[in-house]
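Observations on the model geometry
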Amino acid sequence: MPRSRRAARRGPGSARAGSPASEEEAGSEVLSHCSSASEGASPAEEAAAGSEVLGEQGQEEEVGEDRLKEHMDNLLDKSAKTRQAALQSLRLALSSRILSEFLLERRLMLTDSLEKCLKKGKGEEQALAGTVLTLLCLQMGSGSEGEEVFRSLKPLLVSVLTDSMASPGARQSCATALGMCCYIAAADLEDLVSCLSCLEGIFSPLSAGEGGSVPAQHGPLHCNALQSWSLLLTICPPSHIKSILDNCWLKLPPLLSSSSVALRILAGETIALVFELAQDVEEDLCHQDTEFLRAQLKVLATESNKYRAKTDRRKQRSIFRDILRFIESGEYQEETIRFGLECMYLDSWARQRTYQAFKENNELLREIFSLGPPLVLDAATLKASKVSRFEKHLYNSAAFKARTKARSRVRDKRADVL
């Protein structure tokens with residue numbers, strides 16, 4: 001969680017520069033003054049200074065809460081511009097601080113205000129309201145309070161998401177909110193199934209399910225819907241996973257032909273996730289359709305079309321090589337996420353999808369991945385764990401020499417061939 005930093009300011013000295021002797025005398029006078037002042041400070045005075053600092057911190061928190069209350073009141077303002085500014089401020093506050101206790105007793109009021117923003121607002125206001133709702137669910141967690149928030153606003157999220165006349169930004173925000181809030185707070189299988197069905201209807205039109213071609217205008221909305229759908233797959237019970245394998249998963253391969261590189265990559269990762277879940281429930285997906293799928297994946301893993309951006313081609317080839325390797329051999333390319341002295345291992349497509357969805361929310365991420373409380377280390381341990389600049393220099397020098405030798409050998413072989 002980001003912390004505010006205060007830079008210490010030092011004003012310019014008013015005395016002119018004199019001789020070295022005069023400077024030493026002035027320095028000794030200052031030191032003796034500071035020493036006598038510190039020696040004269042009593043424990044009572046030190047305690048008073050400490051309580052004064054705590055009082056300042058409490059005052060800052062109180063001012064922050066007053067501002068949050070003001071922003072919440074502004075959500076009911078007649079001016080759309082004022083409401084959007086309030087939503088933007090709440091988004092920043094809820095994404096940078098843990099405010100669970102403050103929000104707990106005000107969740108009903110905030111939920112009602114967000115409901116009005118989603119109902120009566122347009123475009124940007126609806127998009128911001130969906131984002132703030134997601135953050136509110138994150139703050140409330142998976143208990144009854146979070147479930148209450150999700151249940152009350154789920155119909156509105158579905159309404160905006162499925163409204164073809166709503167702005168694309170609002171629909172994208174609601175697609176993300178529906179998936180993440182359902183993941184956090186849905187308590188019934190019925191809610192989970194209905195959300196999956198709604199999201200599936202966004203990224204897989206009837207033409208794709210009936211064997212037709214996928215429209216070329218797939219974009220961010222379809223990516224958000226597919227990302228939320230795949231996130232919810234990770235918490236589906238085995239019985240529903242089998243139903244999805246029987247009825248839905250063949251709607252994914254047509255998305256590999258989309259003109260959107262983001263959607264192609266996301267579709268490939270979702271296909272890998274479906275194969276992983278099939279293994280978990282001991283279902284076999286190896287039949288004639290998977291042979292054509294493997295051929296598609298091989299093309300995407302080696303594609304070198306010049307009309308695509310170079311960075312897009314490189315990213316696509318790398319990811320689809322991992323996807324193809326997993327589908328053919330069951331081997332997942334493990335990824336290590338390091339933060340401070342801790343690290344977390346992503347050893348499955350399900351964990352990768354969950355991490356990608358929640359990586360900006362530290363507290364919930366620690367709970368989902370069972371990381372426990374953050375490590376509390378003293379200054380000596382932290383200092384010992386850091387690599388010195390000299391050690392980094394030695395490591396970089398050794399790596400550079402090894403790289404130069406390897407390249408030299410390759411160049412020598414080329415010279416021999418020529």
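Residue indices follow the written sequence of each chain, beginning from 1 at its first position. Reporting of local features is limited, given that this is a predicted model, to residues whose pLDDT is at least 70; pairs of side-chain atoms are given and counted only at 80 or more, and all residues count toward the totals for whole chains, interfaces and linings. Each side-chain value is worked out from all heavy atoms of the structure, with water and hydrogens disregarded.

**Describing a negative patch on the surface**
Taken together, the side chains of Glu-65, Asp-66, Glu-70 and Asp-73 make up a negatively charged region of the molecular surface. For the purposes of this entry, the term helix denotes a DSSP run of H or I that reaches at least four residues, the term strand denotes a run of E that reaches at least two, and both are numbered from the N terminus. Position of Glu-70 among the secondary structure elements: in helix H2 (residues 43–74). Patch rule: a residue counts if its relative accessible area is over 30% and it has no salt bridge; like charges are joined within 9 Å, and nonpolar side chains (Val, Leu, Ile, Met, Phe, Trp, Tyr) within 5 Å. The Shrake-Rupley method, run with a 1.4 Å probe, gives the accessible areas here. Residue values count only the displayed protein chains as cover. Salt bridges are identified by distance alone: a Lys or Arg side-chain nitrogen within 4 Å of an Asp or Glu carboxyl oxygen. In summary, the charge assignment counts Lys and Arg as positive and Asp and Glu as negative, without counting His or the chain termini. Charged side chains are reduced to one point each, which is NZ for Lys, CZ for Arg, CG for Asp and CD for Glu.

**Looking at helix H12 (residues 238–247)**
For H12, every residue scored as buried is listed here: His-240, Ile-241, Ile-244 and Leu-245. Down the axis of H12, the buried set is contained in an arc of 145°. They therefore lie on one face. With respect to the buried face of H12, the exposed residues turned more than 90 degrees away are Ser-239, Asp-246 and Asn-247. Pairs of residues are marked as contacts when any of their non-hydrogen atoms sit within 4.5 Å. Where H12 is buried, its residues meet helix H9 (189–203), helix H11 (220–233) and helix H13 (261–280). Each residue's exposure class comes from its accessible area (1.4 Å probe, protein chains only) as a fraction of the maximum for that residue type: buried when under 20%, exposed when over 50%, partly exposed otherwise. The directions from the helix axis to the C-beta atoms form the arc being described.

**Here we look at the nonpolar core**
By size, the foremost hydrophobic cluster in this structure holds 98 residues, and its most contacted members are Leu-103, Leu-114, Leu-161, Leu-226, Trp-229 and Leu-233. In contact with Leu-161, not counting residues within four places along its chain, are Arg-171, Cys-174, Ala-175, Leu-178, Cys-198, Leu-199, Ile-202 and Leu-221. Joining through side-chain atoms within 4.5 Å is the link that ties buried Ala, Val, Leu, Ile, Met, Phe, Trp, Tyr and Cys residues into a set, and such a set is a nonpolar core.

**Quick notes on the pattern of salt bridges**
What the rule picks out here adds up to 11 salt bridges. Two residues, Arg-107 and Glu-148, come together in a salt bridge whose shortest N-O distance is 3.0 Å. With Arg-107 in helix H5 (residues 107–120) and Glu-148 in helix H7 (residues 144–161), this residue pair connects regions lying 41 residues apart in the sequence. Of the residues examined, Arg-107 reaches a relative accessible area of 17% and is grouped as buried. According to the relative accessible area criterion, Glu-148 is partly exposed, its value standing at 35%. In this structure, Asp-191 engages Lys-154 in a salt bridge whose closest nitrogen and oxygen atoms are separated by 3.1 Å. Of the two residues, Asp-191 is situated in helix H9 and Lys-154 in helix H7; the sequence distance between them amounts to 37 residues. Judged by relative accessible area, Lys-154 falls into the buried class, the value being 13%. Overlapping salt bridges bring together Arg-151, Lys-154, Asp-188 and Asp-191 as one network.

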